[in-house]
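What the coordinates show
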Amino acid sequence: MPDVFADLVGQDEAVDTLRRAAASAAALLRASTVPAPDRPAGGDPGAGMTHAWIFTGPPGSGRSVAARAFAAALQCVHGTGCGECPGCHTTLTGTHADVRLVVPDGLSIGVNEMRALVLRAASTPSGGRWQIVIIEDADRLTEAAGNALLKAIEEPPPRTVFLLCAPSTHPDDISVTIRSRCRVVPLRQPSAAAVAAVLVRRDGIAPDVAEWAAAAAQGHVGRARRLARDPEARQRRDAVLAVPRRLTGVGAAFDAASALIEAAEAEAAASVTEIDETERSALQTALGAGGTGRGAAGAMRGAAGQLKDLEKRQKSRATRAQRDALDRALVDLAGFYRDALTMALRAPVAPVHTDTAALAGAGAQKWDAEGALRRLEAVLECRAAIEVNVKPRIAVEAMMLALWKG
Ligand SMILES: [Zn+2]
């Protein structure tokens, strides 16, 4: 049985750091329960361990996988992250009583959520080891939520550990003051070969499919697995990569923009509709919808407020899902123009999209390196514009026109 770090693809340095930290955390726990004369000699308990960490790296590099694996190693009864004991197992399956995971549904993590979390994180760990809070997408903390978190990190309860995940430690992602209190674990974009190997080993995917998917996903492990397994994900990618061929005029550019936006909306709707309905009916059941007894009218007034809150959260999540879907499409498209650029420069690197390499080659001849670069930049500018809240349709239309004109 592989240990908890086995799924961290191509991150040997980070895994080393985390293993050492887990070992010294275990030594710390022993030191606090065993009287000093009986302690095994050697090693400074606590060196290498700290109470706040930031995992950084590009999307798909495994930030949250790393945070969860580290949490499991801290809760492991052997202190190693064996992958087999109840501590490891419950942490990885998300049922450990002392591990809390925050995954923002919407565009940001609000202050109320953070305050409640910080309060619970201050309690004594029921399993006797560590109280752990994992915050995925810590770059989506609102300023007020960031301040609430900072307070907790500045005066941490003795057994509480915060694990934050963010794209980078740039001040746009993580406030400088939070950053200064945390140890940073940088993850890199894993190589296509490393991603392919894990798809074969862990997911039993055929080697040729794994290689193709790993290259097409540009180092994003989860995306590579989806491409290898999900025919709909492959179809959506095919549709995106058909865009460069379809750009034959102004009208076609606007059509392509509409198609891209609508595809992202459809993909997002498919991913959130089911969970939205489950939440709604769970809340209605909890509120006793349809009750006729005394107090039912008052309960229904409160219920209306809660339903409204839920709808607000769901709307915010839907927006996020649409942006994520659109961003994936833009990354695929950027890969195509990157291929055209490297071919125009005759750079000795493998194409991202092997299945559209011929088309990228034709583009390279027609546009030359300069034209390919301008088009690649248009795609990247579109991503950046959406990131700073330009309306997606406007950004995508501008991009399609730039891709057509060159
Ligand atoms: Zn274990």
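What you see is a predicted model; the values in this text were computed from it and never measured.

Attention shifts here to the coordination of the zinc ion. Tetrahedral metal sites with four donors have an ideal angle of 109.5 degrees; octahedral sites with six donors have ideal angles of 90 or 180 degrees. Protein coordination at the zinc ion comes from Cys76 (SG), Cys82 (SG), Cys85 (SG) and Cys88 (SG), with a distance range of 2.3 Å. Taken together, the four donor atoms coordinating the zinc ion and their angles of 104 to 115° define a geometry best described as tetrahedral. Of note, the zinc ion draws all its donor residues from one chain, in the sequence arrangement C-x5-C-x2-C-x2-C.

Let us look at unusual backbone geometry. Look at Asp137: it is not a glycine, yet its phi comes out positive at around 55°. Locating Asp137 in the fold gives a position in the loop between strand E3 (131-135) and helix H5 (143-154). Phi is positive for Asn389, close to 75°, though the residue is something other than glycine. Here Asn389 is to be found in the loop between helix H14 (357-387) and helix H15 (392-405).

Turning next to the packing of helix H4 (residues 111-121) against H5. Interaxial distance between H4 and H5 falls to 8 Å at its minimum, and their mutual angle equals 15°. In terms of orientation, H4 and H5 fall into the roughly parallel class. Between H4 and H5 lies a crossing of right-handed hand. Contacts between H4 and H5 involve Val111, Met114, Arg115 and Val118 from the first element and Ala144, Ala145, Ala148, Leu149 and Ala152 from the second. When its residues are assigned to classes, the contact of H4 with H5 shows eight nonpolar, no polar and one charged.

Let us look at the confidence of the model for the protein. On average, residues of the protein score 87 in pLDDT, and 92% of them reach the 70 mark or higher. Confidence drops under pLDDT 50 across residues 39-43; counting only partners more than four residues distant or on other chains, this segment forms two contacts.

Another aspect to go through is the sheet that holds E3. Taken in spatial order, the five strands make up an open sheet running E2-E3-E4-E1-E5, and their pairing is parallel. Looking at which strands have only one partner, the edges of the open sheet turn out to be strand E2 (99-102) and strand E5 (183-186). Ignoring which end each strand starts from, the neighbouring axes of this sheet average 15° apart. Pairing between E2 and E3: four bridges, direction parallel. Bridge assignment links Leu101 to a residue of E3, and that residue is Ile134. Across the face of the sheet, helix H2 (residues 63-75) comes into contact with strand E1 (52-56), E2, E3 and strand E4 (160-166) while running at roughly 165° to E4.

Turning to the pairing of E1, a few remarks are in order. Of all five residues in E1, five are buried, a share of seventy percent or more. Here E1 shows two buried faces, one formed by Ala52, Ile54 and Thr56 and the other by Trp53 and Phe55. Where E1 meets E4, five bridges bridge the pair, whose relative direction is parallel. When the bridges of E4 are listed, Phe55 appears paired with Cys165. Pairing of E1 with E5 involves four bridges; the strand directions are parallel. The residue of E5 that forms the bridge with Trp53 is Arg183.

Calculation rules
Residues numbered from 1 in each chain as written. Predicted model: local features only at pLDDT ≥ 70, side-chain atom pairs only at ≥ 80, totals over all residues. Heavy atoms only, no water. Donors = N, O, S within 2.8 Å, 3.2 Å for Na, K, Ca; no water. Tetrahedral: all angles 85-135°; square planar, octahedral: opposite > 155°, others 65-115°. Helix = DSSP H or I, 4+ residues; strand = E, 2+ residues; numbered from the N terminus. Axes fitted to C-alpha atoms, helices over the stretch in contact; angles between N-to-C directions. Parallel < 35°, antiparallel > 145°, perpendicular 65-115°, else oblique. Left-handed = near helix turned anticlockwise from the far one by under 90°. Contact = heavy atoms within 4.5 Å. Nonpolar A, V, L, I, M, F, W, Y, C, P; charged D, E, K, R; others polar. pLDDT = per-residue confidence, 0-100. Pairing = 2+ DSSP bridges. Buried < 20%, exposed > 50% of the residue type's maximum accessible area, 1.4 Å probe, protein only.

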